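The lines below spell out each chain.
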Amino acid sequence: MLTNFNAMLQTAYQQKKAIGSFNFYNYETLKGILQAAEEKETPVIVSFGKKYLANMTLDEVRAIVAAAARTRKIDVCLHLDHCNNLDIIYQAIRSGFTSVMYDGSALPFEENVANTKRVCEVAHANGVSVEAELGSLAAGEASHEGSADDVEVYTNPDAAKEFAAKTGVDALAVSIGTVHGLYKGTPNIRVDILKSINETLHIPLVLHGGSGTPEEKVKECISNGIAKINVNTEISDYTVQHTKALLANETPHLSVVALKQMQYVSEVVEKYMDIFANKQ
Ligand code: 13P
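These notes cover the structure that comes with them. Note that the coordinates shown come from a computational prediction; the quantities given were computed from them, not determined experimentally.

## Overview of the nonpolar core
- Ranked by size, the top nonpolar core spans 75 residues in total, and within it Phe22, Phe24, Val100 and Phe276 carry the most contacts.
- The biggest single contributor to this core is helix H10 (residues 254-276), with 7 residues.
- Dropping the residues within four chain positions of it, Val100 is found in contact with His79, Leu80, Ile89, Ala92, Ile93, Val119, Ala123, Val128, Ser129, Val130 and Glu131.
- Among the nonpolar cores identified, the runner-up in size contains 13 residues, and Tyr13, Cys77, Met101 and Val206 belong to it.

If you want it as structure tokens, here you go:
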């Protein structure tokens, strides 16, 4: 069933688990994610970034996801990832996305608050959940989010408390040392900052830059308030590498390549779903 993320994130937050939010941009990535979720019997967030409007329109995305989710036994949230463009956010809500992320993290605090609050009013009136961001992630290798010169700005816990109270946001993305893309060196994940935010906020927190983050750190983050984790780069990287290997010695029919790609996507997603279940 297609749903917003509120119930699934609240349950995950209470149970100290996280829901995976996996980026998709074609039918193969979407179906690979949904098959993995069904296999693991877990709710899932399928996340579409505005960069991928070159691949599919918002209406096409909504139609395909609604059709693919209808026959599944799991809850599926259709989420608009990082979007700083209010017109696209409102279009996504009109198209039937069940969740949106307004990303005003590059703006001055008060402007980010004002825009996020406006998005929350419109989204909530339509039953759509909202994620926003405070602080910003650095760019790693092969990142498909943000820009190559993005630098780390850690989320300030006091600012996060004020931001959540003023906006009414359902979930907040925090910056604690993960990067978008693959890590260039050893990750320095600031669980101390996360703990301070979680102690005062009491809403589900979101970790961007899931790809390549060490498993023990991910679990520590989940135990301290992270209830949604985004993964993009590793799904693409793994699938492209395996597709290259598949095509090295044979030239299969394109339909066979598509089926294999769904399987590659599922393999990565299932690995992350096992980690996000946070079994000790
Ligand atoms: P990665 O590409 O590092 O997994 O990050 C994905 C992400 O944060 C999407 O919003």
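## Observations concerning the pattern of salt bridges
- The full count for this structure, using the stated rule, is 10 salt bridges.
- With its nearest N and O atoms 3.1 Å apart, the salt bridge here joins Lys40 to Asp274. In this pair, Lys40 is assigned in helix H2 (residues 27-40) and Asp274 in helix H10, connecting sequence segments 234 residues apart.
- Taking relative accessible area as the criterion, Asp274 reaches 43% and is therefore assigned partly exposed.
- The partner of Lys217 in a salt bridge is Glu220, and the shortest N-O contact between them spans 3.4 Å. With Lys217 and Glu220 both in helix H8 (residues 215-223) and 3 residues apart, this pair spans about one turn of that helix.
- We classify Glu220 as partly exposed; its relative accessible area is 32%.

## Section: the site of the ligand
- Close to the ligand lie 15 residues; Asp81, Gly181, Gly209, Ser211 and Thr233 are nearest.
- The separation between an oxygen atom of the ligand and a polar main-chain atom of Gly181 is 2.8 Å.
- Contact between the ligand and Asn232: an oxygen atom at 2.9 Å from a main-chain N or O atom of the residue.
- In the complex, 100% of the free accessible area of the ligand, which totals 310 Å², lies under the protein chains.
- With respect to the pocket detection grid, the ligand is positioned in the largest cavity.
- Of all the elements in the fold, those that place two or more residues in the shell around the ligand are strand S3 (76-83), strand S8 (179-180) and strand S10 (226-231).
- Taken together, the residues of the shell around the ligand break down into 2 nonpolar, 11 polar and 2 charged.

## As for the side chain of Asp81
- Structurally, the position occupied by Asp81 is in strand S3.
- Among buried charged residues, Asp81 stands out as having no salt bridge; its nearest opposite-charge side chain is Lys228, 5.2 Å away.
- Side-chain polar atoms of Asp81 contact the side chain of Asn23, separated by 3.1 Å.
- Setting aside residues no more than four positions away along its own chain, Asp81 makes contact with Asn23, Ser47, Phe48, Gly49, Met101, Glu145, His208 and Asn230.

## Digging into the environment of His144
- Its place among the elements puts His144 in the loop between strand S6 (138-139) and helix H6 (157-167).
- Separated by 89 residues in the primary sequence, His144 and Thr233 have C-alpha atoms spaced 7.1 Å apart.
- Setting aside chain neighbours within four positions, we find His144 in contact with Lys51, Tyr52 and Asn232.
- Polar contacts involving the side chain of His144 include one to the side chain of Tyr52, which spans 2.7 Å.

## Thoughts on empty space enclosed by the protein
- For the coordinates displayed, the defined rule picks out 1 cavity of 30 Å³ or more.
- If you add up the space inside the largest cavity, you get close to 90 Å³.
- If you trace the largest cavity, you find 14 residues lining it, with Glu145, His180, Gly209, Asn230 and Asn232 closest to the centre.
- For the lining of the largest cavity, the secondary-structure elements that each account for two or more residues are S8 and S10.

## Quick look at the packing of aromatic side chains
- Tallied over the entire structure, the rule returns 6 aromatic pairs.
- Pairing Phe22 with Phe276 gives two aromatic rings, centres 6.4 Å apart and planes at 15°, and the pair type is stacked. Here Phe22, found in strand S1 (residues 19-23), pairs with Phe276, found in helix H10; they are 254 residues apart in sequence, far enough to count as distant.
- According to the relative accessible area criterion, Phe22 is buried, its value standing at 0%.
- The class for Phe276 is buried, based on a relative accessible area of 2%.
- A ring pair is formed by Tyr272 and Phe276, whose centres lie 5.7 Å apart and whose planes are at 40°; its orientation type is tilted. Note that Tyr272 and Phe276 are positioned in helix H10 at a spacing of 4 residues, about one turn of the helix.

Conventions and cut-offs
- Residues numbered from 1 in each chain as written.
- Predicted model: local features only at pLDDT ≥ 70, side-chain atom pairs only at ≥ 80, totals over all residues.
- Heavy atoms only, no water.
- Core = buried A, V, L, I, M, F, W, Y, C linked by side-chain atoms within 4.5 Å.
- Buried < 20%, exposed > 50% of the residue type's maximum accessible area, 1.4 Å probe, protein only.
- Helix = DSSP H or I, 4+ residues; strand = E, 2+ residues; numbered from the N terminus.
- Contact = heavy atoms within 4.5 Å.
- Salt bridge = Lys/Arg side-chain N within 4 Å of Asp/Glu carboxyl O.
- Near = heavy atom within 4 Å.
- Polar contact = N/O pair within 3.5 Å; in protein donor to acceptor, adjacent residues only side chain to side chain.
- Areas by Shrake-Rupley, 256 points an atom, 1.4 Å probe, with all protein chains shown as cover.
- 1 Å grid on protein atoms, 1.4 Å probe; cavity = no way out; pocket = protein on both sides within 12 Å on 5 of 7 lines; lining within 4 Å.
- Sits in = over half its atoms within 2 Å of the grid points.
- Nonpolar A, V, L, I, M, F, W, Y, C, P; charged D, E, K, R; others polar.
- Lys, Arg positive; Asp, Glu negative; His and termini not counted.
- Points joined across faces, edges and corners; volume = space filled by probe spheres on them.
- Phe/Tyr/Trp six-rings, centres within 6.5 Å; stacked < 30°, edge-to-face > 60°.

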